[in-house]
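The lines below spell out each chain.
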Amino acid sequence: MLIKTMNKDVNKLAADNIRLLSMSMVEKSKSGHPGGAMGGADFIHILFFEFLNFDPDDPSWMNRDRFFLDPGHMSPMLYSQLALTGLFRTEELMQFRQWGSPTPGHPELDIKRGIENTSGPLGQGHTMAVGSAIAERFLASRFGELFSHKTFTFISDGGIQEEISQGAGRLAGYLGLNNLVMFYDSNDIQLSTETSAVTLEDTAMKYTAWGWDVMTIEGNDQQQIREALGKAMKSTDKPVLIIGKTIMGKGLLDNEGKSFERKTSTHGMPVSEAGGSYEKSLVNLGGDPQDPFKIFSEVKELYEKILDEKRKKVSDWKKKKAVWASENSDLDNKLTMFYSGRIPEIDFGSIPQKEGSATRAASSAVLAVLAKNIENMVVASADLSNSDKTDGFLKNTRAFKKGDFSGAFLQAGVAELTMAAVMNGMALHGGVIPACGTFFVFSDYMKPAVRMACLMELPVIYIWTHDAFRVGEDGPTHQPVEQEAQIRLMEHLKNHHGENSITVLRPADSAETTVAWKLALENRKTPTALILSRQNIKDLPPSGSSRYADALSLTKGAYIVEDCSGKPDIILLASGSEVATLFEGAALLRNEGLKIRIVSAPSEGLFRLQQEDYRKSVIPGGIPVFGLTAGLPVTLQGLAGPAGKVWGVPGFGYSAPYKVLDEKFGFTAENVYRQVKEYLAQYKK
């Protein structure tokens, strides 16, 4: 759509308007990254103006094209573009990076304002886009191509370099995600150097080898951008990479009026601090020094017209959808259910569990039922499905393949961080319930994406198995020790809504595992982590009508699994497989005449949310508490209290059969007996 105003193409004017707003936002806040935003302005304008399908009046419209920004430092570009579409006011742009502003330094998820993902840690944004594209193919395969749309993503040199890009590129190419279009803003400049100082790779050849269609264009030539996007929209079996050779700080001048483009300094500081002239650059781009945040009237008029056209396209789609719904009422109800996040009624208590199962096996039994009952659940595994027992789900479905998304399982390959970020993208897209599994020790690879899920409040479910040193012969490289303490720190960290940023559940037996899955699926506000054992665990004895009925108390985070009459002499506290060990130790202690209470604490975070009277009813003050954990002692110290004693694993493990390690590390009934006796002797003093 080539329209001239005076001597300037109005599309060029719109891109310059984005450059002006971006530069001015950073200049006013005295903080930020103007150069990349100015270089990417042509692409984002052409994309939003001519290609991106969205509803200007309802940014959450389910069938919108998605746009995922990877380099969050280029937020001024996105905010400026969204100001042209009417979702941000210029007054809000003027508050860039300020307290309480909707324009933080790196964009945070706000779909109603047109921001599809929180971005900042490079590489994750475009990997989320891969997840979104998978979710779209999954849903379109079930409801028809009426529900097909594109996922666009924007990546920078830094994102290309981050290791996660390998996993994202490989996976998208393998699956043939023809609905995914990525623009690579290749300006040859990064924060501290030019890219030539750190890499010689041929990016085009790399993505071609992964199965992408690759085009290289002049990234500030709007006609080349237009033609490249036009070709990308027609892709039938491959994701598309458009490498745009852009100009860092396009339009910048120095104090002598000479070009100040392609400077490393403009990557990460205001133009005036970088050595350029903000005022002369402003004038060069057609801006008004008296009103630098002005949106040109010609650009306003241009966008008003195109937004009306987009409204008409959305209206036409909704009419088609209404006809489809009238002809497919059952499918329409299912679609509504999928996007609601609700799950169908499942009698979790009736799920059969083998006696004395490992909790990973108990999880597998639950997953087998979920695969048959929750049609929009997608489970992934990092090449461990037969070990993390997500194969319980896989046995009742099939893995995604190129061109075939009728199954519901993603074989992610050995790429834990990629997998976790892809799950985030699925959750962001909506309509699916994502879960993913690997060994607990490899949660270390996933933490950056888990943290992002916590920040974005995404209901992703993590299935982390082989939860302790009882991995045994694999040795300390595979034996988690500090991982539980690390992830439980996130239970203490509040999200923007003041809630625990994640729910962490380490069940003590198969019944608790079943209930943990029930809680995970009902939790639509935050991620949930299930920490599961490799080895078999004795089922805890029921205290009421059934062990499952008892385990429902897991919803409170910690509860009494066995009690005594009267005031306890000591409270024994643990989570996971250590609870069964406490039962064995308690039997020895009772022979000494001690009154014992045993508490299972699968989630410290949930327990701390309970009313004080409940917490005190479970762990009252003035009674000694002994904790047993296969992780660092600090894992339980908060619940045991300052006077409590926790027996844990203070160092890395060793390679040996797990029963030998139990003996060597003191995770036996006899050692529980000895430690409690010593502790009580000291406590009484």
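Remember, it's a predicted structure, so these values are computed and weren't measured experimentally.

Asker: Account for the overall build of the protein chain, naming residues and giving values.
Answerer: Helix and strand content of the protein chain: 27 helices and 18 strands. Relative to a compact globule of 685 residues, whose C-alpha radius of gyration would be 26 Å, the protein chain shows 28 Å and is just as compact. Residue burial in the protein chain is summarised as follows: out of 685 residues, 60% are buried. Of the roughly 26,400 Å² that the protein chain leaves accessible, carbon and sulfur atoms contribute 51%. Here the protein chain contributes 75 positively and 82 negatively charged side chains, and the mean placements of these two sets differ by 2 Å.

Asker: Residue-level account of the sheet that holds strand S18 (residues 645-647), with values.
Answerer: What the five strands build is an open sheet, ordered S14-S16-S15-S17-S18; its pairing is mixed. This sheet does not close on itself; its edge strands, each paired only once, are strand S14 (559-562) and S18. Within this sheet the neighbouring strands show an average axis-to-axis angle of 30°, counted without direction. As defined by bridge partners, strand S15 (residues 570-574) adjoins strand S17 (residues 625-628) across four bridges and the pair is classed as parallel. Bridged to Leu 572 within S17 is Phe 626. Packing of helix H27 (residues 669-684) onto the sheet brings it into contact with S15, S17 and S18, and relative to S17 it is tilted by some 150°.

Asker: Please provide a residue-by-residue account of the side chain of Gln 190, values included.
Answerer: Examined against the element boundaries, Gln 190 turns out to sit in the loop between strand S5 (180-186) and helix H9 (203-209). Polar side-chain contacts of Gln 190 include one of 2.7 Å to the side chain of Gln 161. For Gln 190, the contacting residues outside a window of four places in its chain are Gln 161, Thr 195, Val 198, Thr 264 and His 267.

Asker: Go over empty space enclosed by the protein, please, and point to the residues and values.
Answerer: A full pass over the atoms with the stated rule returns five cavities of 30 Å³ or more. In this structure, the largest cavity encloses a volume near 150 Å³. Partitioned by chemical class, the residues of the lining of the largest cavity number nine nonpolar, two polar and five charged. By volume, the second largest cavity is sized at about 50 Å³. Surrounding the second largest cavity, Met 62, Asn 63, Leu 139, Phe 143, Phe 147, His 149, Leu 335, Tyr 339 and His 429 form its lining. Mapped by element, the contributors of at least two residues to the lining of the second largest cavity are helix H6 (124-143) and helix H14 (329-340). Here the lining of the second largest cavity is composed, by residue class, of six nonpolar, three polar and no charged.

Asker: Mind laying out the sheet that holds strand S13 (residues 528-531), listing which residues take part and the relevant values?
Answerer: Ordered by their spatial adjacency, six strands build an open sheet running S9-S8-S10-S11-S13-S12, and the pairing between neighbours is parallel. Strand pairing shows two members of the sheet lacking a second neighbour, strand S9 (409-411) and strand S12 (503-505), which therefore form its edges. When strand polarity is set aside, the average angle formed by the axes of neighbouring strands in this sheet is 15°. Where strand S8 (residues 377-381) lies against strand S10 (residues 433-439), five bridges are found, and the strand directions are parallel. Along S10, the bridge assignment pairs Ser 381 with Gly 437.

Asker: Got a sec to walk through the layout of surface pockets? Specific residues and values, please.
Answerer: For the largest pocket, the calculated volume is near 990 Å³. Lining the largest pocket are 37 residues, and of these Leu 109, Ile 111, Met 456, Glu 457 and Leu 458 lie nearest its centre. Breaking the lining of the largest pocket down by element, the ones donating at least two residues are H14, helix H17 (416-429) and helix H18 (443-456). Its residues assigned to classes, the lining of the largest pocket comprises 17 nonpolar, 12 polar and eight charged. Here the second largest pocket defines a volume of roughly 380 Å³. Phe 51, Leu 52, Asn 53, Asp 65 and Lys 313 are, among the 20 residues lining the second largest pocket, the residues nearest its centre. If you list the elements that add at least two residues to the lining of the second largest pocket, you get helix H3 (41-51) and helix H13 (297-327). Split into classes, the residues belonging to the lining of the second largest pocket amount to eight nonpolar, four polar and eight charged.

Asker: I'd like a rundown of the pattern of salt bridges, residues and numbers included.
Answerer: Per the stated rule, a full pass over the model turns up 39 salt bridges. Of the charged contacts, one joins Arg 89 and Glu 91 as a salt bridge, the two residues approaching to 3.6 Å between their closest N and O atoms. For Glu 91, a relative accessible area of 46% translates into the label partly exposed. Between Glu 499 and Lys 525 there is a salt bridge, and its shortest N-O distance comes to 3.5 Å. Taken together, the residues Glu 499 in the loop between helix H19 (483-492) and S12 and Lys 525 in the loop between helix H20 (510-522) and S13 connect sequence positions 26 residues apart. Judged by its relative accessible area of 26%, Glu 499 is partly exposed. The exposure class assigned to Lys 525 is exposed, which follows from its relative accessible area of 51%. A single network of salt bridges, built from pairs that share partners, joins Asp 467, Arg 470, Glu 484, Arg 488, Glu 491, Arg 506, Glu 578 and Asp 662.

Asker: Give a detailed account of the environment of Glu 522, specifying residues and quantitative values.
Answerer: For Glu 522, the location among the structural elements is in helix H20. For Glu 522 and Pro 459, which are 63 residues apart along the polypeptide, the C-alpha to C-alpha distance reads 9.3 Å.

Asker: Account for H6, naming residues and giving values.
Answerer: Look at H6: 29 Å from first C-alpha to last across 20 residues, which is about the 28 Å you get at 1.5 Å a residue. For H6, the tally of buried residues reaches 18 of 20 residues, placing the bulk of the element in the interior.

Asker: Before we move on, could you go through the side chain of Thr 465 and cite the residues and values that matter?
Answerer: Residue placement: Thr 465 occurs in strand S11 (residues 461-465). Not counting residues within four places of it along the chain, the set of residues in contact with Thr 465 comprises Arg 360, Ser 387, Asp 388, Thr 438, Phe 439, Phe 440 and Leu 532.

Asker: Outline the nonpolar core, listing residues and values.
Answerer: Grouped together as the largest cluster of nonpolar side chains are 149 residues, with contacts concentrated most on Ile 134, Met 377 and Trp 517. Broken down by element, the residue count for this core peaks at nine residues, all from H6. The residues contacting Trp 517, other than those within four sequence positions of it, are Phe 348, Ser 363, Val 366, Leu 367, Leu 370, Met 377, Ala 435, Ile 461, Ile 463 and Leu 530. With 63 residues, the next largest nonpolar core counts Ala 14, Ala 37, Phe 49 and Val 299 among its residues.

Parameters at a glance
Residues numbered from 1 in each chain as written. Predicted model: local features only at pLDDT ≥ 70, side-chain atom pairs only at ≥ 80, totals over all residues. Heavy atoms only, no water. Helix = DSSP H or I, 4+ residues; strand = E, 2+ residues; numbered from the N terminus. Rg over C-alpha atoms; globule rule 2.2 N^0.38 Å. Buried < 20%, exposed > 50% of the residue type's maximum accessible area, 1.4 Å probe, protein only. Areas by Shrake-Rupley, 256 points an atom, 1.4 Å probe, with all protein chains shown as cover. Lys, Arg positive; Asp, Glu negative; His and termini not counted. Charge placed at Lys NZ, Arg CZ, Asp CG, Glu CD. Pairing = 2+ DSSP bridges. Axes fitted to C-alpha atoms, helices over the stretch in contact; angles between N-to-C directions. Contact = heavy atoms within 4.5 Å. Polar contact = N/O pair within 3.5 Å; in protein donor to acceptor, adjacent residues only side chain to side chain. 1 Å grid on protein atoms, 1.4 Å probe; cavity = no way out; pocket = protein on both sides within 12 Å on 5 of 7 lines; lining within 4 Å. Points joined across faces, edges and corners; volume = space filled by probe spheres on them. Nonpolar A, V, L, I, M, F, W, Y, C, P; charged D, E, K, R; others polar. Salt bridge = Lys/Arg side-chain N within 4 Å of Asp/Glu carboxyl O. Expected span 1.5 Å × (residues − 1). Core = buried A, V, L, I, M, F, W, Y, C linked by side-chain atoms within 4.5 Å.

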